[in-house]
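Commentary on secondary and tertiary structure
Next come the chains, spelled out residue by residue.
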Amino acid sequence: QHKPLVSLCVPVYGTEGLIGRFLDSILAQKDAPLFETIIVNDGSPGTKELRSIVKIYTKRFKERGLPFVFLEHGKNLGTLEARRTAVTAASGEYLAFADPDDELPPTALRILYEAACASGADIVQGSIAVFGTENEPEKRVTSFAQKAAQVYHGTLTGDAIMHGFLIEHLYSAFLCGKLFKTNLVQKAFAEIPFTYCTMAEDVLTYFFIALYADKYRGIPDIVYNYCINTGVTSRRQITDLSEWEKVCSAASVFTIILSYLDDHPSIGSEIRKAVKALGRTYRTDNLKQLEVCVVPSLQEEARAMLNEWWGIID
């Protein structure tokens, strides 16, 4: 038994039909360091199907000598908490996040790990490619693809890591496409209170990662394939207020960060100003989703819910 060098953390909710494709891409990793895959069932409505799939893949991973961990929540707690469960269980020196509707290119883990070892960085970021663009507005695809590919090709240290993310916009806050020192991510989660959040949770987690990080390294290689037309960020029709609440949960991200900044004024007003500006951007996007995605019969209630969630952002 050897300790994994990398822990791959994967929350699952309602994506059982896609996870097989994702796990096949994990099994296809070439020359990767020893890694473990941690799947967290976040109270998915397809739990029975998921368990059947996991049973099949547990055997396949075992045949390859790759640790495979399956954890479950009794009810849906949101993406943030599913990731927290995986991070708590992680035993690798390094950690990566992935979603089960996406894929990893064959050399992703090797490239990220080698870059981390060579640079000594506790954050390594590669580029993200976008697929699943069918029936998606061209403007949205283009905008998202540009953001996904936004990487600072070089090294940042100390306060420059946070400034590069929030103020200079040198690189994106996506958790996918990055490799982290595990203890850094665990330290970040220790600062985040329990919260139901399935939208903008990357911003919340990465804010605290950037706060404690010593060294960032960006590389040009594509290390993640992101499917744009699945998940809560897609522009699918919303016919249930519980689904709309997931979209509005982005507001909790900024409530938590702004509360932390209130308690730590030494971080500076420049960071606070940038956080509020980013929050307004997410609120604007929520308003756009309200207009485009929510069925007419729910518009009034959905707007009231959005205003209640976003009260802190002026």
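Please refer to the structure placed before this passage.
Right, let's walk through the structure included here.

A closer look at the pairing of strand S5 (residues 123-131)
Strand direction decides the pairing type here: S5 and strand S7 (residues 178-181), joined by three bridges, are antiparallel. From the neighbouring strand, Gln125 faces S7, where its bridge partner is Lys178. Pairing geometry for S5 and strand S8 (residues 215-227), over eight bridges, is parallel. Within S8, the position partnered with Ala129 by the bridge is Asn225.

A closer look at helix H5 (residues 138-148)
Every buried residue of H5 is accounted for by Arg140, Val141, Phe144 and Ala148. Down the axis of H5, the smallest arc covering the buried residues is 100 degrees, so these residues share one side. Opposite the packed face of H5, turned more than 90 degrees from it, sit the exposed residues Glu138, Lys139 and Gln146. As for H5, its buried residues are in contact with S5 and S8.

Digging into the sheet that holds strand S1 (residues 6-12)
In space, the eight strands of this open sheet follow the order S3-S2-S1-S4-S7-S5-S8-S6, with mixed pairing throughout. Every interior strand has two partners, whereas the edge strands, strand S3 (68-73) and strand S6 (155-157), have only one. Direction aside, the axes of adjacent strands within the sheet are offset by 30 degrees on average. Pairing analysis gives seven bridges linking S1 to strand S2 (residues 35-42), with the strands arranged parallel. By the bridge assignment for S2, Cys9 is matched with Ile38. Contacting S1, S2 and S3, helix H2 (residues 47-63) runs over the sheet at an angle of about 165 degrees to S3. Across the face of the sheet, helix H7 (residues 182-190) comes into contact with strand S4 (94-97), S5 and S7 while running at roughly 85 degrees to S7.

Some points on the packing of aromatic side chains
The full count for this structure, using the stated rule, is 15 aromatic pairs. When the ring of Phe144 is compared with that of Tyr226, the centres are 4.8 Å apart and the planes differ by 35 degrees; the resulting orientation is tilted. Taken together, the positions of Phe144 in helix H5 and Tyr226 in strand S8 put the pair 82 residues apart, joining distant regions of the chain. Note on Phe144: relative accessible area 14%, which makes it buried. Seen from their ring centres, Phe180 and Tyr206 are 6.5 Å apart, and the 50 degrees between their planes marks the pair as tilted. With Phe180 in strand S7 and Tyr206 in helix H8 (residues 201-212), the pair connects residues that are 26 residues apart, well separated along the chain. Accessibility expressed as a relative area gives 0% for Phe180, which makes it buried.

Examining H7
Residue pairs spaced three or four apart in an α-helix point in one direction, given the helix's 3.6 residues per turn. When we look at burial in H7, the residues that qualify are Thr182, Leu184, Val185, Ala188 and Phe189. In a view along the axis of H7, the buried residues occupy a sector of 160 degrees, so they form one face of it. Relative to its buried face, H7 has exposed residues pointing more than 90 degrees away, namely Asn183 and Ala190. Check the buried side of H7 and you find it contacts helix H3 (79-89), S4, S5, S7 and H8.

Remarks on unusual backbone geometry
Non-glycine residue Asp31 carries a positive phi angle of around 55 degrees. Mapping Asp31 onto the fold places it in the loop between helix H1 (16-27) and S2.

Some remarks on the packing of helix H6 (residues 159-166) against helix H11 (residues 269-293)
Interhelical geometry of H6 versus H11 gives an angle of 30 degrees and a closest axis separation of 10 Å. As summarised for this structure, H6 and H11 are arranged roughly parallel, according to the angle between their axes. Taken as a pair, H6 and H11 cross one another with a handedness that is left-handed. Residues Met162, His163 and Leu166 of H6 pack against Glu270, Ile271, Ala274, Val275 and Leu278 of H11. Along the lines of polarity and charge, the residues of the contact of H6 with H11 split into six nonpolar, one polar and one charged.

Rules used in this analysis
- Once a new chain begins, its residue numbering starts again from 1 and follows that chain's sequence as written.
- Selection of residues for local features in this predicted model requires a pLDDT of at least 70, selection of side-chain atom pairs for listing and counting requires 80 or more, and totals for whole chains, interfaces and linings are taken over all residues.
- Remark: hydrogens and water are excluded; side-chain values derive from all non-hydrogen atoms of the structure.
- Being paired, for any two strands, means DSSP has found at least two bridges between them.
- Each helix is a run of H or I in the DSSP string that is no shorter than four residues. Each strand is a run of E no shorter than two, and both are numbered from the N terminus.
- The buried label goes to any residue with under 20% of its type's maximum accessible area, the exposed label to any with over 50%, and the partly exposed label to all in between, with areas taken from a 1.4 Å probe on protein chains only.
- Here the arc refers to the directions that run from the helix axis out to each C-beta atom.
- Contact between two residues is taken to exist if any of their heavy atoms lie within 4.5 Å; hydrogens are not considered.
- Working convention: axes come from line fits to C-alpha atoms, limited for helices to the stretch in contact. Angles between N-to-C directions cover 0 to 180 degrees.
- Two rings from Phe, Tyr or Trp (for Trp, the six-membered ring) form a pair when their centres are within 6.5 Å of each other. A pair whose planes differ by under 30 degrees is stacked, one over 60 is edge-to-face, and the rest are tilted.
- Oblique is the label for any angle not covered by the other classes, which are roughly parallel (under 35 degrees), roughly antiparallel (over 145) and roughly perpendicular (65 to 115).
- Handedness of a helix crossing follows the sense of rotation of the near helix relative to the far helix, less than a right angle counterclockwise being left-handed and clockwise being right-handed.
- Gly is put with the polar residues, along with every residue not named as nonpolar or charged; the nonpolar set is Ala, Val, Leu, Ile, Met, Phe, Trp, Tyr, Cys and Pro, and the charged set is Asp, Glu, Lys and Arg.

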